[in-house]
Amino acid sequence: MTKNIAVLVSGGGTNLQALLDAQARSELVNGRITAVLSSSPEAYALERAKKAGVAAYVLPQNRLDTRSLMVELVDLLHRLDIHLVVMAGFMTIVTEELFQAYPNAVINVHPSLIPSFCGKGCYGLHVHEKALAYGVKVSGATVHFVTEECDAGPIILQKAVEVLPGDTPEVLQRRIMEQCEWKLLPQAVSLFCQGRLQVKGRIVRILDPVEK
Ligand code: GAR
């Protein structure tokens, strides 16, 4: 059965674009992006969804506390018959209402090698500022399942790149997006949709196509 995918976004949506492009190349095996949900009406990601002909929704603003927002979000996801929720630059911290409704079925992309440079307040460009200030020689991206602890769920895929002399946060961000995030996220989504991710505690095993 094809899995319906919802992508949660807040900004530019380059990771959403990587998913849409992978879908156009038939690389999201057994999966279909059926909805894009944005925390902001201004997010350019909404344009990308529109261009690709995918239904786009803007989540309610401000008038709701995070928990009530999550209840509304889960309600919408159920109504849309979503099987996999992908957080692609979604800047709202999600609460248990979401991952309890979708156990091991919410995944997030984070622009560092978790457990470095992650957790509350560590998002977007801040991640790369912190990595450069610390002086690490490699950084990268992580795709992981979302659990109650921020950025601490079971790791699905990781990829590293070198940090080069003279890197600015923007330059490092771009290298990590191009070489890591835009590749890993579609791969992880495709593996999920093929039923090839087996989770035991913190450990995710990637099954061979014949094993599942
Ligand atoms: C991406 O680098 C993503 O990994 C990061 O925000 C950026 C969103 O870009 N997410 C986080 O930092 C989450 N903790 P995009 O809107 O162009 O995909």
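First, a word on scope: everything that follows refers to the structure included in this document. (Residues numbered from 1 in each chain as written. Predicted model: local features only at pLDDT ≥ 70, side-chain atom pairs only at ≥ 80, totals over all residues. Heavy atoms only, no water.)

With that settled, the discussion passes to the overall build of the protein. A tally of helices and strands in the protein yields six helices and nine strands. The globule rule puts the C-alpha radius of gyration for 212 residues at 17 Å, and the 16 Å found for the protein is close to it. A principal-axis box enclosing the C-alpha atoms of the protein has dimensions of 50 × 50 × 35 Å. Counting across all 212 residues of the protein, residues that qualify as buried make up 48%. Put simply, 63% of the contacts in the protein that link residues at least 6 apart link residues at least 24 apart. Entry remark: accessible area of the protein is about 10,400 Å², with carbon and sulfur atoms responsible for 52%. (Helix = DSSP H or I, 4+ residues; strand = E, 2+ residues; numbered from the N terminus. Rg over C-alpha atoms; globule rule 2.2 N^0.38 Å. Buried < 20%, exposed > 50% of the residue type's maximum accessible area, 1.4 Å probe, protein only. Contact = heavy atoms within 4.5 Å. Areas by Shrake-Rupley, 256 points an atom, 1.4 Å probe, with all protein chains shown as cover.)

All right, on to the site of the ligand then. The ligand sits among 14 residues. The nearest are G13, T14, N15, G124 and E181. N15 has a polar side-chain atom sitting 3.0 Å from an oxygen atom of the ligand. E181 is positioned such that a nitrogen or oxygen atom in its side chain is 2.6 Å from an oxygen atom of the ligand. Here the ligand loses 92% of its free accessible area of 450 Å² to cover by the protein chains. Taken together, the elements giving at least two residues each to the shell around the ligand come down to α1 (14-24), β5 (106-110) and α6 (169-193). Residues of the shell around the ligand, tallied by class, amount to six nonpolar, seven polar and one charged. (Near = heavy atom within 4 Å. Polar contact = N/O pair within 3.5 Å; in protein donor to acceptor, adjacent residues only side chain to side chain. Nonpolar A, V, L, I, M, F, W, Y, C, P; charged D, E, K, R; others polar.)

As a further point, take the packing of aromatic side chains. Counting across every chain of the model gives one aromatic pair. Ring centres of F117 and Y134 lie 5.9 Å apart, and the angle between their planes is 70°; on these two criteria the pair is classed as edge-to-face. With F117 in the loop between β5 and α5 (125-134) and Y134 in helix α5, this pair connects stretches of sequence that are 17 residues apart. (Phe/Tyr/Trp six-rings, centres within 6.5 Å; stacked < 30°, edge-to-face > 60°.)

We now examine the environment of Y123. Here Y123 shows up in the loop between β5 and α5. On the accessibility criterion, Y123 (42% relative accessible area) is partly exposed. In the structure, Y123 is positioned 32 residues away from M91 in sequence and 7.7 Å away in space, judged by C-alpha atoms.

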